[in-house]
Amino acid sequence: MRVPVLLAALVAVATCTETFVGHQVLRVVPTSHEELQRLQELQGLEHLKLDFWLAPRGLGSPVDIRVPFPSLQPVKAHLEASGVSYSIMIEDVQELLDEEQREMIRSSRRLPLSTSTFNYEAYHTLDEIYAFMDLLVAENPNLVSKLEIGRSTENRPLYVLKFSTGGSNRPAVWIDTGIHSREWVTQASGVWFAKKIAEDHANNEGVASILDTMDIFLEIVTNPDGFAYTHSTNRMWRKTRSKHSGSICVGVDPNRNWDAGFGGSGASGNSCTETYHGPYPNSEPEVKSIVDFVKAHGNIKAFVSIHSYSQLLLYPYGYTTTPVPDQQELHELSAKAVAALSSLYGTNYKYGSIITTIYKASGATIDWTYNQGIKYSFTFELRDTGRYGFLLPATQIVPTAEETWLALKVIMEHARDNTY
Amino acid sequence: IPDFGHKYYLQFSTEDYRTGENAGSCLATVLYPRKKSPPVVSIKCSHTKDQNEIQEEDNRLYQRIRQQSKPITGSNIPDSYGNIEPALEPAWALAVAGSSSIMWEKSTEDVGYFLAQVKSVKQWMRKDDVIEFDYTVLLHEMPTQEMISCHMRLTWLPGHPLKVKHFCASENRRLEEGSGLGSGSAAGLSEERGANL
């Protein structure tokens, strides 16, 4: 934020007692000794209260004079009478000051210059989050890289941040936020998580030890088309923004589009509903890109997909009541994770399998990832329990992210210590 | 209960919607005959506040609304960022109370609701002492995840129960894309159910 020093000084004065309404800044370029003399005379006339921004130096050097309103007439008369030509550089100094003030306020709302000045306590637009990602990478080039795993229906890039201290295809943790676009606290938490990972690494604490042996992949805006739509048009938009032939309405529920019990009860075949599963599994590029990534990587050991609201920690299955083989371990791990989460602010979470804890859901993310062999597959439903629902006040972003992070660490540490 | 339906035994605590303070606890039984609504409900609650306190608070809310010189109007409460303008809090509070009656009527054994947002509120000034508001509210339906738009007309006089009339859009936003409307505010919300208030 560059502010001309002179104007800054004027602003400082202006905020006290003085106003510069009607003041003008005149420029004279003396081309003769006579003109130079006229200008030097002006300097001596104290009662005019002239403020020489550029004092007379020599022939050809511009002289800039701030002239208070009451002195304008006599000064101009003096110059004209002597045949000294002048130009008006600033027509009204106060107007310029006001505009500068407005600009300063505006620019403080523009993109921050570092992740240290980024406002984690506010909701951001897609552009702001994408800019944040680039800043984080630039500040931590040895830890963070940005991968484009595909493009959305509306051709927005799908970005995943990779946190890695080296190695080759290390066992990894995957975290995604914002797959349902109206769940704003999740993307906001994802941004906080990204910064937290970089910070921990820099300070050699927290997840730094996990990063010794594992990589972390974080997709902050998993549904960018939907997210943009929640900003521009409909704050309550949940799905993607795809239009398939034969569908009357727009959008597919990305959490019903996975190839696990696809199309069964627990999703809808009507494109106009919020749980429309889509024409076929992975029809949504937002989903397919993750499927392709997971398959190509082949070494993901924990997969966490984050939603809001309800305050729940869920493990598979959603599409069937048959318990997963690892039910007991996942249940115990959930208990530990929830205890860690609650320890911070006392936030109450319930946990269990999707179908027993929330409702039957087919084609859900973690059912597919579990069936791919990723044992530690979890879904979070973050704050709150319905008072604000999707419209969670921004003041709760950081506390939500902080407490959730504790639970995520429990899961990551368990995955690190229980290799399979 | 074989051949009859399902009976639920509930024990739960309540909290003040504004402050989050504990407001008491309740014991209830809910009987759904073969998944038909409405269920048969018996409920007993203990309140942390006594009648006088409640009455006082009601009166304060009432006065706060009556003192406004202009009719209260607003939209998107809370806004996208979860903010509620202090001046609109009373209108929002009444919307919460009124919506609960809509949700009570609409919910079934399998379908429940939350108040997602007050899309619009408009106060109707009356010659008598009764407070009257017109609302469009968005109800978040579970497990369908749908946003149901409801028109709600609410009247209130302290010391009397809230009177609520509502009409919810039943169509599944099939018109949404065509008419360019937003979240499920279907065009056909013109009729009011029932007689005079």
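No experiment lies behind these values; they were computed from the predicted model shown.

Counting its secondary structure elements, chain A contains 13 helices and 12 strands. Over its C-alpha atoms chain A spans a radius of gyration of 31 Å, topping by over 25% the 22 Å that the globule rule assigns to 420 residues. For the C-alpha atoms alone, the extent of chain A along its principal axes is close to 100 × 50 × 40 Å. Of all 420 residues assigned to chain A, the portion counted as buried reaches 56%. Once local pairs closer than 6 in sequence are excluded, the contacts in chain A between residues at least 24 apart make up 73%. Carbon and sulfur atoms make up 50% of the accessible area of chain A, which amounts to about 17,300 Å² in all. Across chain A, the mean location of the 36 positive side-chain charges is 5 Å away from that of the 47 negative side-chain charges.

Let us look at the overall build of chain B. The helix and strand inventory of chain B stands at 3 helices and 8 strands. By the burial criterion, 35% of the 197 residues in chain B qualify as buried. Residue pairs in contact within chain B that sit at least 24 positions apart in sequence constitute 49% of those at least 6 positions apart. Accessible surface, chain B as shown: approximately 11,700 Å² in total, 51% of it carbon and sulfur.

In many reports, interface size means the accessible area that the parts give up when they come together. Chain A puts 29 residues into the contact, and the matching count from chain B is 30 residues. Put simply, chain A and chain B have 0 salt bridges between them. Our count for the contact surface shared by chain A and chain B stands at 8 residue pairs in polar contact (both at pLDDT 80 or more).

Residue and element names in this part refer to chain A. Pairing within the open sheet is antiparallel, and its 4 strands lie in the order β2-β3-β1-β4. Every other strand in the sheet has two partners, leaving β2 (51-54) and β4 (87-90) as the edge strands with one partner each. Pairs of neighbouring strands in the sheet enclose a mean axial angle of 35°, with direction left out of account. Relative to strand β3 (residues 63-67), β2 runs antiparallel, the two being bridged by 3 bridges. Its bridge partner being in β3, phenylalanine 52 is matched across the sheet by isoleucine 65.

Another aspect to go through is helix α5 (residues 126-139) of chain A. All names here are of chain A. Under the 1.5 Å per step criterion, the end-to-end length of α5 is 20 Å for 14 residues, consistent within 8% with the ideal 20 Å. Considered for burial, the residues of α5 that qualify are Leu126, Ile129, Tyr130, Phe132, Met133 and Leu136. Across the axial projection of α5, the buried residues extend over an arc of 150°, all falling on one side. More than 90 degrees from the buried face of α5, the exposed residues found are Asp127 and Ala138. Looking at the buried side of α5, the elements it contacts are β5 (144-151), β6 (157-163), α6 (184-203) and α8 (224-232).

Here the focus is the nonpolar core. By size, the foremost hydrophobic cluster in this structure holds 94 residues, and its most contacted members are A:Phe163, A:Phe380 and B:Tyr135. Take this core: its biggest share by element is 10 residues, from helix α13 (residues 397-417) of chain A. In this structure, B:Tyr135 is in contact with B:Ala91, B:Leu94, B:Ala95, B:Val118, B:Ser120, B:Val121, B:Cys150, B:His151, B:Met152 and B:Leu154, ignoring residues within four places of it in sequence. Formed by 25 residues, the second largest nonpolar core is a distinct cluster that contains A:Ile149, A:Phe293, A:Ile354 and B:Met142.

This brings us to the pattern of salt bridges. Counted according to the given criterion, the structure contains 24 salt bridges over all chains. With a shortest N-O distance of 2.8 Å, A:Arg416 and A:Asp417 are connected by a salt bridge. Here B:Arg153 makes a salt bridge to B:Glu132, at a shortest N to O gap of 3.1 Å. Taken together, the residues span a long stretch of sequence, with B:Arg153 in strand β7 (residues 147-156) and B:Glu132 in strand β6 (residues 131-142) at a distance of 21 residues. In this pair, the class of B:Arg153 matches that of B:Glu132, namely buried. Here the salt bridges do not stand alone but share partners, grouping B:Arg126, B:Asp128, B:Glu132, B:Asp134 and B:Arg153 into one network.

So, about the environment of A:Asp51. Residue and element names in this part refer to chain A. The topology assignment puts aspartate 51 in strand β2. Spatially, the C-alpha atom of aspartate 51 lies 12 Å from that of phenylalanine 20, the residues being 31 residues apart in sequence. Ignoring any residue separated from it by four or fewer positions in sequence, one finds aspartate 51 in contact with Asp64, Ile65 and Arg66. In this structure the side chain of aspartate 51 is engaged in a polar contact, spanning 3.2 Å, whose partner is the side chain of tryptophan 53.

Here we take up the UniProt feature "active site" (unreviewed entry) in chain A. Residues and elements named next belong to chain A. Listed under "active site" (unreviewed entry) in the UniProt record, and renumbered for this structure, are Glu381. Within the element layout of this structure, glutamate 381 appears in strand β12 (residues 376-382). Among residues more than four places away in sequence, those in contact with glutamate 381 are His307, Ser308, Tyr309, Ser310, Gln311, Leu312, Leu314, Tyr349 and Ile358. Here serine 308 takes part through its backbone nitrogen, which lies 3.5 Å from a polar atom of the side chain of glutamate 381.

As a further point, take the domain arrangement of chain A. Partitioning chain A into domains gives domain 1 (24-91) and domain 2 (111-417). The C-alpha-based centres of domain 1 of chain A and domain 2 of chain A are spaced at 66 Å.

All names here are of chain A. In terms of residue burial, strand β8 (residues 215-219) counts as a mostly covered element, since 5 of its 5 residues are buried. Of the two faces of β8, the one carrying Asp215, Phe217 and Glu219 and the one carrying Ile216 and Leu218 are both buried. In this sheet, β8 lies alongside β6 in antiparallel orientation, the contact comprising 3 bridges. Note on β8: the bridge partner recorded for phenylalanine 163 is isoleucine 216. In this structure, strand β7 (residues 172-177) lies alongside β8, joined through 5 bridges in parallel fashion.

The next point concerns the packing of α5(A) against α6(A). Residues and elements named next belong to chain A. Packing of α5 against α6 brings their axes to within 11 Å, and their N-to-C directions diverge by 5°. Considering their axes alone, α5 and α6 lie roughly parallel with respect to each other. Residues Ile129, Phe132, Leu136 and Glu139 of α5 form the contact with α6, whose participating residues are Gln187, Val191, Ala194, Lys195 and Ala198.

Conventions used here
Residues numbered from 1 in each chain as written. Chains lettered and ligands numbered in written order. Predicted model: local features only at pLDDT ≥ 70, side-chain atom pairs only at ≥ 80, totals over all residues. Heavy atoms only, no water. Helix = DSSP H or I, 4+ residues; strand = E, 2+ residues; numbered from the N terminus. Rg over C-alpha atoms; globule rule 2.2 N^0.38 Å. Buried < 20%, exposed > 50% of the residue type's maximum accessible area, 1.4 Å probe, protein only. Contact = heavy atoms within 4.5 Å. Areas by Shrake-Rupley, 256 points an atom, 1.4 Å probe, with all protein chains shown as cover. Lys, Arg positive; Asp, Glu negative; His and termini not counted. Charge placed at Lys NZ, Arg CZ, Asp CG, Glu CD. Salt bridge = Lys/Arg side-chain N within 4 Å of Asp/Glu carboxyl O. Polar contact = N/O pair within 3.5 Å; in protein donor to acceptor, adjacent residues only side chain to side chain. Pairing = 2+ DSSP bridges. Axes fitted to C-alpha atoms, helices over the stretch in contact; angles between N-to-C directions. Expected span 1.5 Å × (residues − 1). Arc of directions from axis to C-beta. Core = buried A, V, L, I, M, F, W, Y, C linked by side-chain atoms within 4.5 Å. UniProt positions renumbered as here; feature names shortened; annotations may be inferred. Domains from an automatic or database assignment. Parallel < 35°, antiparallel > 145°, perpendicular 65-115°, else oblique.

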